[in-house]
Structures are given as C-alpha cells and as structure tokens.
Amino acid sequence: MRRLVAGVQHLPSSYFAVVMATGVIAIAGLELGVPVLPQALGVLNVIAYLVLWALTILRVARYRREFGNDLFDHVNGPGFFTVVAATGVLGSQFVVLWGFHGVATVLWLLTLVLWTLLTFAVFAGLTVKESKPNLAGGITGGWLLAVVATQSVVVLAMQIAPAVPDTLLPQLWFLGLSMWLWGGMLYVWLMALIFYRYVFYAFSPKDLTPPYWINMGAMAISTLAGTFLIANGRTASSALLGAIEPLLQGVTILFWATGTWWIPMLVVLGVWRHIVKRFPVRYDAAYWGMVFPLGMYALCTHHLVAALDLGFLEGIARVFVYVAIAAWVATFWGLLRSLGLGSRGPLSASGA
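Scope of this entry: the structure provided in the associated data block. Only a predicted model underlies this, so the values are computations on that prediction, with no experimental measurement involved.

A word on the packing of helix H12 (residues 245–276) against helix H13 (residues 288–308)
Okay, step 1: It is the contact of H12 with H13, at a shortest axis distance of 11 Å, that shows an interaxial angle of 145 degrees. When you trace H12 past H13, the crossing you get is left-handed. On the side of H12, the interface is formed by Gln-249, Thr-252, Ile-253, Trp-256, Thr-260 and Ile-263, while H13 contributes Tyr-297, Cys-300, Thr-301, Leu-304 and Leu-308.
Okay, step 2: Residues that form the contact of H12 with H13 fall into these classes: seven nonpolar, four polar and no charged.

Here's what the structure looks like:
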C-alpha cells in the first residue's frame, strides 16, 4: 500500500489513455467481428476507469501541489484531457457493447462538464503563466489530446441522440456540429506549431515520444465524429445537418486523408528512433497514446465505409483492428511488468 501511495504522487496525467485505448479497441473489435475479446475488454475497461479515478482522487488529496504543477505544465497539462476522452469512450462503449443509453447519457454530461473545466483551466493557466518553455521544450503531440477530448464529446452526443427527447435534439445537433468544427480548427492551430517544431528545431530520439501518434489519432476521431453527424442528418431528419451534408462529407474525408498521411510518416520516424538510433523500447505510460490512434483509425475507417459507401476501404479497417489489438497486448504486458517489477514502484512510469 505504501508503494502504491508513493507511486500516485507521480501518476502521469495521461494515464486515462489506458481507458481510451481499451474502450476503442473493444468497440472496434465488436463492430469488425472480433470474437469474445470486446466484451472482456469492456468489463476490464470499466474497472480501469474506476481505479484511475480513485488514484486521481487520492493524488489530489495527498499531493495537491504536484497535481496543480502538472495541470499547468506545458508538457503534462494537456495529458489531463485524457480524462475527458476516456469518459466519452466509456460512454460509447456502454452504447455499442451493452445498449445502455441511460448510463451513456450520464457519462456524456460528465464529459461535457470535464471538457469545459479542463479546456479553460488548462489553456487559461498556460496563457497567464509567467515562466514558460520555448516551443521545442513545450509543444508535443500530446497537445492534440485537446482535439481528441473535443471530438469525444461530439461522438457520444450523436450516439445518445436516439434517447434524447425530440425537443432537445436540435440543440444537441447544433452543439455537436459546433464542437466538431471547433475541434478541426484547434487541430489546425496546434498542428501548425507541432509541424514547425518537427522541421525547424533539432529532433533527438528521446523527443519522439509515443503521443506524437495523436497527430493521427486526433484526425481519426474527428473522422468518426463526422460520420456520426452525417448519419444523424440522414436518419433523424435534421434540417441543419441535412442541408450541409456535402460539407460534412468533404471535411470528414479531409480528416481521414490527413490522419492516413501521418501513418507512414510516424512509422518512418519510429524506425529512425528505435532501429537507426537504437533508442530502447521500454514501457512508458505514454505508449497508450499510441495504441488509441491505431484502434480509432480502424473504427473511423469502418464507419467511413458505411457513411460514404466506400467498400474498398473496409480491408484497411479489418487489418488495423488486429494491429491495434497487438499493440494493446504488448502495452498491457508492459504495464503489468511495471506494476510487478518496476524498481520505482507502481505507476511510476513517466507520462507524456
């Protein structure tokens, strides 16, 4: 117990990415016909979510200063957006795996509250902070978790729409559309800074942390949100969504194409990091930020096929779901080893 409490002091802000990755693979696995595994992962994910909340509450109670320092830190602060995205993914899991729209609605409301609090707390705090790092030391792919969090609100909003009273649907659709477009604009802002850091600053193997896969993952979940907006516009007779369906289709393809472009780029950089530069591969909590994009890419491609009748892309989804499962197994094994064998105690792996 003493080791656990000590480990909580340095609990990475991005550890809720475990829930994000596990949930999206459970959903993608179920929709793409993977047997047995989705239900098992779904149950495990509920447990993981509750455990991480308990550890977070313990950290706030015992180590408030460290928690506050991380919240307003340029590297660690964006990691807290995994709490929002994890809650949204868990809500989606309750809809897809078990059909519990009531539970999902409660989780969506929690997601919306968390998104509001963290968005303005983190960005306002970083803005007024007096001591700031330079761009190279302060920007990482983890900043795009803010985009993922935003789009997770949209995805779950569209999934709970069938259980929402008709009188509230126009407001829900408008909120979802507005946040989807805002998430896309936020990606443009942040990616411009990230790409500038890539190309014009020195880049060492230790700088290429796994959360750079969120470059792709943020576009993947934006694609998924777009397909849900398209589906709601067609099935729910939304005048707003129906009127702008061509725009929804075009921007959704733009998001998918952008995410797809990042995949070979990130693979090449990974080869450079681990094979050319021989940077060691060892468990880090940040690797969950790599697993999630792989699962989300499989899921969004599957939904893109259905939304736009692009059957020739279905094979990509079916390949990537197994790539994501393999990545999840490897990362989960690393987590178990770190909990049982880590020399610094449980939950002590460094964050994004």
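A word on the layout of surface pockets
Okay, step 1: Size it by volume and the second largest pocket reaches roughly 520 Å³.
Okay, step 2: Only H12, H13 and helix H14 (314–341) provide two or more residues apiece to the lining of the second largest pocket.
Okay, step 3: The element best represented in the lining of the second largest pocket is H12, accounting for eight residues.
Okay, step 4: A per-class count over the lining of the second largest pocket returns 18 nonpolar, five polar and two charged.

Let's talk about the packing of helix H3 (residues 37–62) against helix H5 (residues 81–98)
Okay, step 1: The interhelical angle for the contact between H3 and H5, taken along N-to-C directions, is 145 degrees, at an axis separation of 11 Å. In this structure, H3 meets H5 at a crossing whose hand is left-handed. Along its contact with H3, which presents Pro-38, Gln-39, Gly-42, Val-43, Asn-45, Val-46, Tyr-49 and Trp-53, the element H5 presents Val-83, Ala-86, Thr-87, Leu-90, Gln-93, Phe-94, Leu-97 and Trp-98.
Okay, step 2: For the contact of H3 with H5, the residue count by class is 11 nonpolar, five polar and no charged.

Let's talk about helix H4 (residues 64–71)
Okay, step 1: All of the buried residues in H4 are Phe-67, Asp-70 and Leu-71. One side of H4 carries all its buried residues, which in axial view fall inside an arc of 100 degrees.
Okay, step 2: Looking at the buried residues of H4, the elements they touch are H3 and helix H6 (101–128).

Some thoughts on a nonpolar patch on the surface
Okay, step 1: A cluster of nonpolar side chains, namely Phe-195, Tyr-196, Val-199, Phe-200, Tyr-201 and Trp-261, defines an oily patch on the protein surface of about 640 Å² accessible area.
Okay, step 2: If you tally residues by element for the nonpolar patch, the top one is helix H9 (residues 169–200), at four residues.
Okay, step 3: Within the secondary structure layout, Val-199 lies in helix H9.

Examining the pattern of salt bridges
Okay, step 1: Tallied over the entire structure, the rule returns five salt bridges.
Okay, step 2: Notably, a salt bridge pairs Arg-197 with Asp-207, separated by 3.6 Å at the nearest N-O pair. Linking Arg-197 in helix H9 with Asp-207 in the loop between H9 and helix H10 (214–235), this pair joins segments that are 10 residues apart in sequence.
Okay, step 3: For Glu-245, the salt bridge goes to Arg-234, with nearest N and O atoms at 2.8 Å. Remark: Arg-234 occurs in helix H10 and Glu-245 occurs in helix H12; sequence separation between them is 11 residues.
Okay, step 4: The network of salt bridges with shared partners includes Arg-197, Lys-206 and Asp-207.

Considering the nonpolar core
Okay, step 1: Within the largest apolar cluster, 119 residues are counted, with the highest numbers of intra-cluster contacts made by Tyr-15, Leu-144, Trp-180, Met-216, Trp-288 and Phe-292.
Okay, step 2: Here this core gets 13 residues from one element, more than from any other, and that element is H13.
Okay, step 3: Apart from residues no more than four positions distant in its own chain, Met-216 is found in contact with Gly-259, Trp-262, Ile-263, Leu-266, Pro-293, Leu-294 and Tyr-297.

Let's talk about empty space enclosed by the protein
Okay, step 1: Inspection of every chain in the model, using the stated rule, returns four cavities of 30 Å³ or more.
Okay, step 2: Here the largest cavity defines a volume of roughly 120 Å³.
Okay, step 3: Every residue lining the largest cavity is counted, 16 residues in all, and those nearest its centre are Ile-27, Ser-92, Val-155, Leu-224 and Leu-299.
Okay, step 4: Of all elements in the fold, only helix H2 (17–31), H5, helix H8 (145–160), H10 and H13 reach the threshold of two or more residues within the lining of the largest cavity.
Okay, step 5: The biggest single contributor to the lining of the largest cavity is H5, with four residues.

About the criteria used
- Residues numbered from 1 in each chain as written.
- Predicted model: local features only at pLDDT ≥ 70, side-chain atom pairs only at ≥ 80, totals over all residues.
- Heavy atoms only, no water.
- Axes fitted to C-alpha atoms, helices over the stretch in contact; angles between N-to-C directions.
- Helix = DSSP H or I, 4+ residues; strand = E, 2+ residues; numbered from the N terminus.
- Left-handed = near helix turned anticlockwise from the far one by under 90°.
- Contact = heavy atoms within 4.5 Å.
- Nonpolar A, V, L, I, M, F, W, Y, C, P; charged D, E, K, R; others polar.
- 1 Å grid on protein atoms, 1.4 Å probe; cavity = no way out; pocket = protein on both sides within 12 Å on 5 of 7 lines; lining within 4 Å.
- Points joined across faces, edges and corners; volume = space filled by probe spheres on them.
- Buried < 20%, exposed > 50% of the residue type's maximum accessible area, 1.4 Å probe, protein only.
- Arc of directions from axis to C-beta.
- Patch = residues over 30% accessible without salt bridge, like charges linked within 9 Å, V, L, I, M, F, W, Y side chains within 5 Å.
- Areas by Shrake-Rupley, 256 points an atom, 1.4 Å probe, with all protein chains shown as cover.
- Salt bridge = Lys/Arg side-chain N within 4 Å of Asp/Glu carboxyl O.
- Core = buried A, V, L, I, M, F, W, Y, C linked by side-chain atoms within 4.5 Å.

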